[in-house]
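Observations on the model geometry
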Amino acid sequence: LAERIALPPRPDELHTLASAINQLLERMEKAVVREKQFTADASHELRTPLAVLKGTLEVLVRKPRSAAEYVENITLSVQEIDRLTHLVDQLLLLARFDSAPQVEHRQELPVLSSVHDVLHRRRAALEARRIRVDVQDADTPPIHSDPYLVDLILDNLLDNAVKYSPAGSTITVALDEAGARQRCTISDEGIGIRPEDLGRIFDPLYRSDALAHKEIGGTGLGLSIVARACALLGIELAVASELGRGSTFTLLFPAG
Ligand code: ADP
């Protein structure tokens, strides 16, 4: 820990400078502690699927099994590998946002077509859970943004909307204008978010420990990726939610 500068007795310029440096040191220390915690949490998240994978495969090696048991255990292993791959992909993406400056390729982009692309990719999950998506577009003009990052944002928000919603419910995606800015809201009729979780869901690896949330799989990285991509593109991101009623995520795109 860095030693603090002793503050001179009189509140003069030197005093102000010393206390500013002390505040800076405090902020840096907090960032280092956060970083260490993140590394520990991420390692734990990586170890869990690896342990499951090892256990599942060891069972197959130890005793001769029926063909059906082989298929079952190998299927479980493949699922675990998929989970692990998704987790590693998300960690790499987050690391890229935090270290290297992202290259943006801004171009004319109709948000409606990005929404339809994402929905098209997610159609199997939507059909399986009989979730209807109501897309409302007030003939909004295209925005000027990076298609890859906008897709990433919409994909993560829609993935969550589907995941945390009951079968047979409706998700509404509405595009409209708020003054000179375009707005996209994604509303679900899902399990909602506790008020005490709302301030933390954008933190890397944070998952609500409410029972209904714990039963649904996830990495806790999606929204931190969304928040970073939004910051990069100057998109204002907001969330409103009521436990048991549903959640609304709002994207306000920069004007012009
Ligand atoms: P995860 O992979 O856990 O879904 P995210 O970073 O995408 O990670 O979300 C963080 C947490 O925020 C989730 O674990 C969940 O508790 C909560 N959350 C996010 N989106 C929703 C939603 N649409 N409805 C309810 N809870 C949500």
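For the protein, the name recorded in an unreviewed UniProt entry is histidine kinase, with Hymenobacter yonginensis as its organism. Comment text from UniProt for the protein, heading Catalytic activity (unreviewed entry), reads "ATP + protein L-histidine = ADP + protein N-phospho-L-histidine." For the record of the protein, the UniProt heading Subcellular location (unreviewed entry) holds the text "Membrane".

Now for the overall build of the protein. Looking only at helices and strands, the protein has eight helices and seven strands in total. Taking 256 residues into account, the globule formula puts the C-alpha radius of gyration at 18 Å, and the protein, at 23 Å, lies well above it. Its C-alpha atoms give the protein principal-axis dimensions of roughly 80 × 55 × 35 Å. For the protein, the accessible surface area stands at approximately 15,400 Å², while carbon and sulfur atoms represent 57% of it. If you average the places of the 29 positive and of the 37 negative side-chain charges in the protein, the two averages end up 6 Å apart.

Moving on, we come to the site of the ligand. Close to the ligand lie 19 residues; Y164, R207, H213, T219 and L223 are nearest. Here an oxygen atom of the ligand and a backbone polar atom of G222 are 3.2 Å apart. In isolation the ligand exposes 530 Å². Once the protein is present, 98% of that is buried. Spatially, the ligand is embedded in the largest pocket. Counting residues per element, the ones that place at least two in the shell around the ligand are α5 (147-163), α8 (222-233) and β7 (246-252). Here the shell around the ligand is built from residues that sort into seven nonpolar, nine polar and three charged.

Applying the stated criterion across every chain yields a total of 13 salt bridges. For R181, the salt bridge identified is with E236, shortest N-O distance 3.3 Å. Of the two residues, R181 is situated in strand β5 (residues 181-187) and E236 in strand β6 (residues 236-242); the sequence distance between them amounts to 55 residues. Judged by its relative accessible area of 25%, R181 is partly exposed. Among the salt bridges present, the one from D209 reaches R194, with a minimum N-O distance of 2.7 Å.

Here we come to α8. If you check α8, its first and last C-alpha atoms are 17 Å apart, about what twelve residues at 1.5 Å a residue would give, namely 16 Å. Residues of α8 that are buried sit in contact with α2 (67-98), β3 (143-145), α5, β6 and β7. Just past α8, the residue G234 takes up positive phi, approximately 70 degrees.

In this approach a probe as big as a water molecule rolls over the atoms, and the regions it shows empty are the leftover space. Approximately 830 Å³ is the volume found for the largest pocket. Around the largest pocket sit 36 residues that line it, and D159, N160, K163, Y164 and G222 are the ones nearest its centre. Elements represented by at least two residues in the lining of the largest pocket include exactly α2, α5, α8 and β7. Residues that form the lining of the largest pocket fall into these classes: 13 nonpolar, 13 polar and ten charged. The calculated volume of the second largest pocket comes to roughly 550 Å³. Lining the second largest pocket are 19 residues, and of these R34, Q37, F38, P204 and L205 sit closest to its centre. Within the residue set of the lining of the second largest pocket, elements represented by two or more residues are α1 (13-62) and α2.

Here we take up the environment of S19. Summarising the element assignment, S19 is placed in helix α1. A residue is classified by how much of its surface remains accessible, and S19, at 22% relative accessible area, is partly exposed. When the C-alpha positions of S19 and A95 are compared, they lie 32 Å apart, and in sequence the two are 76 residues distant. Of note is the side chain of S19, whose polar atom sits 3.3 Å from the backbone oxygen of T16.

Parameters at a glance
Residue positions are given per chain, counted from 1 along the sequence in the order it is written. pLDDT decides what is reported in this predicted model: residues at 70 or higher carry local features, side-chain atom pairs at 80 or more are listed and counted, and totals for whole chains, interfaces and linings draw on all residues regardless. Here the side-chain values reflect all heavy atoms present in the structure, with hydrogen atoms and water set aside. UniProt positions are given in the numbering used here, feature names are shortened, and annotations may be inferred rather than shown by experiment. The helix count covers DSSP runs of H or I at least four residues long, the strand count covers runs of E at least two residues long, and both are numbered beginning at the N terminus. As defined in this context, the radius of gyration uses C-alpha atoms, and a globule is described by 2.2 Å times the residue total to the power 0.38. The Shrake-Rupley method, run with a 1.4 Å probe, gives the accessible areas here. Residue values count only the displayed protein chains as cover. Working convention for charge: Lys and Arg count positive, Asp and Glu count negative, and His plus the chain ends are omitted. Each charge is placed at NZ for Lys, CZ for Arg, CG for Asp and CD for Glu. Proximity criterion: a residue is near a molecule or strand once any of its heavy atoms comes within 4 Å of it. Polar contact criterion, stated in full: a pair of N or O atoms within 3.5 Å, where within protein one must be able to donate a hydrogen and the other to accept it, and residues adjacent in sequence count only if both atoms are side-chain atoms. A cavity here means a set of points on a 1 Å grid, drawn over the protein atoms and nothing else, where a 1.4 Å probe fits but cannot get out; a pocket is an open set with protein on both sides within 12 Å along at least five of seven lines, and a residue lines either one if it has an atom within 4 Å of a point. A pocket or cavity is taken to hold a molecule when more than half of that molecule's atoms are within 2 Å of the pocket's grid points. When residues are grouped by polarity, Ala, Val, Leu, Ile, Met, Phe, Trp, Tyr, Cys and Pro land in nonpolar, Asp, Glu, Lys and Arg in charged, and all others, Gly among them, in polar. Here a salt bridge means any side-chain nitrogen of Lys or Arg lying within 4 Å of a carboxyl oxygen belonging to Asp or Glu. The classification of residues rests on relative accessible area computed with a 1.4 Å probe and restricted to protein chains. Under 20% of the type maximum is buried, over 50% is exposed, and intermediate values are partly exposed. A helix is expected to span 1.5 Å for every residue after the first. Note on definitions: a residue-residue contact is assigned when non-hydrogen atoms from the two residues lie within 4.5 Å. Grid points are joined across faces, edges and corners, and a volume is the space filled by probe spheres set on the points.

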